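# Coordinate inspection notes
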Amino acid sequence: MERGKVLSLQSHVVSGFVGNKCASFALQTLGIDIDTINTVQFSNHTGYATFKGQALAPELMKSVYEALVENNLTFSTSHVLTGYINNPAVLSVILHIVKDLRTRNPNLVYACDPAMGDNGKLYPSITEEMISAYKTQLLPEVTYLFPNQTECQFLTDIPLQTLDNAFEAIDKLHVTYGIKNIVLTSFEEDSQSSDESYLFVLGSQYNKENQNADRFKIRLKKIDAYFTGTGDLFSSLLVGYAITGLNRK
């Protein structure tokens, strides 16, 4: 059976592995075809003391996409994946792309990693306007949502301190925006002791008809280190295995 193709709209860095560099590696390793539109081209990720480069202007992004359509290069696109975006106008272009692709393929899957922040704080470039644009424009179109703990808090306005809070926030995203599949990619309870810390991955699939959700919870020992790009890699692998099917043996 034909697997289709992923259109990934994310950042690109010359040095390091974040955004589309993670997505391309992960999906191609799984044998999945991927087209990439780079929302930014930076020397390195923004966690360094300095970075240089430029963002792709919204009108240029739309133009690039239109050329793909004109050349019939989107006929097999089955999934759209987005990550770090720092411009509300770009979100509007992404919304246009998703809706346009769905006129050709009503079953198009849109997987969104709302890369807005981490460790309780928003990234410097993320404004209230960006959060509002996610809520009013993108979330109603999302099939798979992959927020971390911080992003889930800002999208739901629910403080995530316990597992009950976390699932309450996930349920709010299901009901408010109609999102079928949600994976909270990392969650840490406030009550954990400092000498024994764990992260949870929480997942939920919502059934609109009976308003029930199938859930899972995975507990992982926390590694006392910080890695950049892990969220991008995780979201790419989630999309990849959603396409190929996960071998459980």
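Conventions used here
- All chains use their own residue numbering, which begins from 1 and follows the written sequence.
- Side-chain atom pairs in this predicted model are given and counted only at pLDDT of 80 or more, local residue features only at pLDDT of at least 70, and totals for whole chains, interfaces and linings cover all residues.
- Side-chain descriptors were evaluated using all non-hydrogen atoms of the structure, hydrogens and water having been removed beforehand.
- For helices, the axis comes from a line fit to the C-alpha atoms of the stretch in contact; other axes are also lines fit to C-alpha atoms, and the angle between any two N-to-C directions lies between 0 and 180 degrees.
- Note on conventions: DSSP H or I runs of at least 4 residues are helices, E runs of at least 2 residues are strands, and numbering of each starts at the N terminus.
- Roughly parallel means an angle under 35 degrees; roughly antiparallel means over 145; roughly perpendicular covers 65 to 115; every other angle is labelled oblique.
- Each helix crossing is assigned a hand: it is left-handed if the near helix lies turned anticlockwise from the far helix by less than a right angle, otherwise right-handed if that turn is clockwise.
- By definition, residues are in contact when any of their heavy atoms lie within 4.5 Å.
- To sort residues, take the accessible area from a 1.4 Å probe on protein chains only and compare it with the maximum for the residue type: under 20% means buried, over 50% means exposed, and anything in between is partly exposed.
- A residue counts as positive if it is Lys or Arg and as negative if it is Asp or Glu; His and the chain ends are not included.
- Take a side-chain nitrogen of Lys or Arg and a carboxyl oxygen of Asp or Glu: if they are within 4 Å of each other, that pair is a salt bridge.
- Paired strands, in this sense, are two strands between which DSSP finds at least two bridges.

## So, the packing of helix α2 (residues 58–70) against helix α3 (residues 88–104)
Between α2 and α3, the shortest axis-to-axis distance is 9 Å and the interhelical angle comes to 15°. Between α2 and α3, the angle falls in the class roughly parallel. As α2 packs across α3, the resulting crossing turns out to be right-handed. Where α2 approaches α3, its residues P58, M61, K62, Y65 and V69 are matched on the opposing element by A89, V90, V93, I94, H96, I97, D100, L101 and R104.

## Comments concerning the side chain of D232
Mapping D232 onto the fold places it in helix α7 (residues 230–244). This buried residue, D232, is left without a salt bridge; K21 holds the nearest opposite charge, at 11 Å. Leave out the neighbours within four places in its chain, and D232 touches Q10, V18, G19, C22 and D113.

## Thoughts on the pairing of strand β5 (residues 109–112)
Alternating positions in β5 separate into two faces, V109 and A111 on one and Y110 and C112 on the other, with burial throughout. Here two bridges tie β5 to strand β8 (residues 144–145), and the two strands are oriented parallel to one another. Across the sheet, residue A111 finds its bridge partner in β8, namely Y144.

## Structural notes on the pattern of salt bridges
Using the criterion set out here, one finds six salt bridges in the structure. Ionic pairing is found between D35 and K5, a salt bridge with its closest N-O pair at 3.1 Å. Taken together, the residues span a long stretch of sequence, with D35 in strand β2 (residues 33–42) and K5 in strand β1 (residues 5–13) at a distance of 30 residues.

## Concerning the environment of Q28
Structurally, the position occupied by Q28 is in helix α1 (residues 20–29). Expressed as a C-alpha distance, the spacing of Q28 and G240, which sit 212 residues apart in the sequence, is 9.0 Å.

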